[in-house]
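Chain by chain, the residues:
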Amino acid sequence: EAGVTQFPSHSVIEKGQTVTLRCDPISGHDNLYWYRRVMGKEIKFLLHFVKESKQDESGMPNNRFLAERTGGTYSTLKVQPAELEDSGVYFCASSHLNLGNYEQYFGPGTRLTVT
Amino acid sequence: GIQVEQSPPDLILQEGANSTLRCNFSDSVNNLQWFHQNPWGQLINLFYIPSGTKQNGRLSATTVATERYSLLYISSSQTTDSGVYFCAVEEWGRGKLIFGQGTELSVKP
C-alpha cells in the first residue's frame, strides 16, 4: 500500500509568485490534513478535510492560502501571492474515518522557499 | 486549547547510551503519536499510543493517560537516531494534532 505522497518535494519561488502544493493521501483515507513547520518552529495545523468537505480550517493563516480537495481524493494547497514568511515545510497527513484508530500518516513534506 | 510540552528541548548522547524523552499534555486525548523528523525533514511515524506501552526494536513508548504524560525510550542509541522527536496529541473529536516543540537529539559516534 502506497503511503501519503506530496509534490513537489522542493519549491523555490520569488515573493509575489504563486505556488501549488499537491497531496495524495493513502487510498481509502477520508481524513486529510495539512500542517506546516516554519522557521524551525513547532509544527502547526492548517486545515482538515473529511472527504471533499472542509471540516476545520481554523489554522489557515490568511486568505492567501486556498486548499481544495476535489472529489475527496487528492488535495491542493495554493499560496497566492507568496510572502517571505510562508517559507517552511508543508506536510500532508491522512487517516481513516470512524474506525476507532485515529493514527495520522504523514507525507514526506514539501519544502517551500520564498526569496 | 490543549497544551503539549516536551522535555528536554535538546539532548546530546554518546553512541550506545540510553535516553528518555517526555511529553506532558494538559487535557484528555484520544490520539497520541510520536514522530522522528530525520535530517531530510521527513516525519516518520514511531508510535500511535493513546494509552499503554508499545515496543519496536530499540524504541519503546508508554502513555499514562490518567496522568497526562507519555515517555519515549531509546536504548543503545545510534547516530541514525539523531534528529527531532515530536509528540503530538488530538483532543477528543477535534481531529487536528497539536504538536509539542520537539526534542532535538544528537548522537555522537
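Keep in mind the model is a prediction, meaning the values are calculated, not measured. Within any chain, residue numbers begin from 1 and follow the written order of that chain's sequence. Lettering of chains starts at A and numbering of ligands starts at 1, both following the order in which they are written. Totals for whole chains, interfaces and linings use all residues, but because this is a predicted model, local features are given only for residues with pLDDT of at least 70 and pairs of side-chain atoms are given and counted only at 80 or more. Water and hydrogen atoms were dropped before computing side-chain values, which therefore reflect all heavy atoms in the structure.

**Student:** Any chance you could explain the side chain of Gln6(B) here in plain terms?
**Tutor:** Residues and elements named next belong to chain B. Mapped onto the secondary structure, Gln 6 falls in strand S1 (residues 4-7). Burial status follows relative accessibility: with a 1.4 Å probe on protein chains alone, a residue under 20% of its type maximum counts as buried, one over 50% as exposed, and anything between as partly exposed. Of the residues examined, Gln 6 reaches a relative accessible area of 4% and is grouped as buried. Side-chain atoms alone can form a polar contact between residues adjacent in sequence; in general such a contact is a pair of N or O atoms within 3.5 Å, and within protein one must be able to donate a hydrogen while the other accepts it. In terms of polar contacts, Gln 6 uses its side chain to reach the backbone amide nitrogen of Cys 87, at 2.9 Å. Any two residues whose heavy atoms approach within 4.5 Å at even a single point are treated as in contact. If sequence neighbours within four positions are ignored, Gln 6 has contacts with Arg 22, Cys 23, Trp 34, Tyr 85, Phe 86, Cys 87, Gly 100, Gln 101, Gly 102 and Thr 103. Here a strand is any run of E in DSSP of at least two residues, a helix any run of H or I of at least four, and the numbering for each starts at the N terminus.

**Student:** Would you explain the pairing of strand S11 (residues 103-108) of chain B in this entry?
**Tutor:** Residue and element names in this part refer to chain B. Burial along S11 is one-sided: Thr 103, Leu 105 and Val 107 are buried, while Glu 104, Ser 106 and Lys 108, pointing the other way, are not. Between any two strands, pairing holds if DSSP finds at least two bridges. In this sheet, S11 lies alongside strand S2 (residues 10-14) in parallel orientation, the contact comprising five bridges. Note that in S11 the partner of Ile 12 across the bridge is Ser 106. When strand S9 (residues 83-91) meets S11, the two strands line up antiparallel, connected through three bridges. Counted as the bridge partner of Val 84 is Glu 104 from S11.

**Student:** Just to check I follow, could you spell out the packing of aromatic side chains for this structure?
**Tutor:** Each aromatic ring pair is described using two quantities: the centre-to-centre distance and the angle formed by the ring planes. Here the aromatic set is Phe, Tyr and Trp, taking the six-membered ring for Trp, and pairing holds for ring centres within 6.5 Å; pairs whose planes are under 30 degrees apart are stacked, those over 60 apart are edge-to-face, and all others are tilted. Overall, the coordinates contain nine aromatic pairs over all chains when judged by the stated rule. Relative to Phe99(B), the ring of Tyr35(A) has its centre 5.7 Å away and its plane inclined at 75°; by these criteria the two rings are edge-to-face. In this pair, Tyr35(A) is assigned in strand S4 (residues 31-37) and Phe99(B) in strand S10 (residues 98-99), connecting two distinct chains. With a centroid separation of 6.0 Å and 90° between ring planes, the pair formed by Phe106(A) and Phe99(B) is classed as edge-to-face. Note that Phe106(A) is positioned in strand S10 (residues 105-106) and Phe99(B) in strand S10, a pairing that runs across two chains. Accessibility classification places Phe106(A) together with Phe99(B) in one group, the buried group. Grouping aromatic residues by their ring pairs yields a cluster made of Tyr33(A), Tyr35(A), Phe45(A), Phe91(A), Phe106(A), Phe35(B), Phe86(B) and Phe99(B). Lysine and arginine charges are scored as sitting over a ring when NZ or CZ, respectively, is within 6 Å of the ring centre and within 35 degrees of the ring normal. Over the ring of Tyr74(A) we find Arg22(A); its NZ or CZ atom is 3.8 Å from the centre of that ring. Above the face of the Tyr69(B) ring, Arg22(B) is positioned so that its terminal group lies 4.2 Å from the ring centre.

The values are spatial; any link to function lies outside them.
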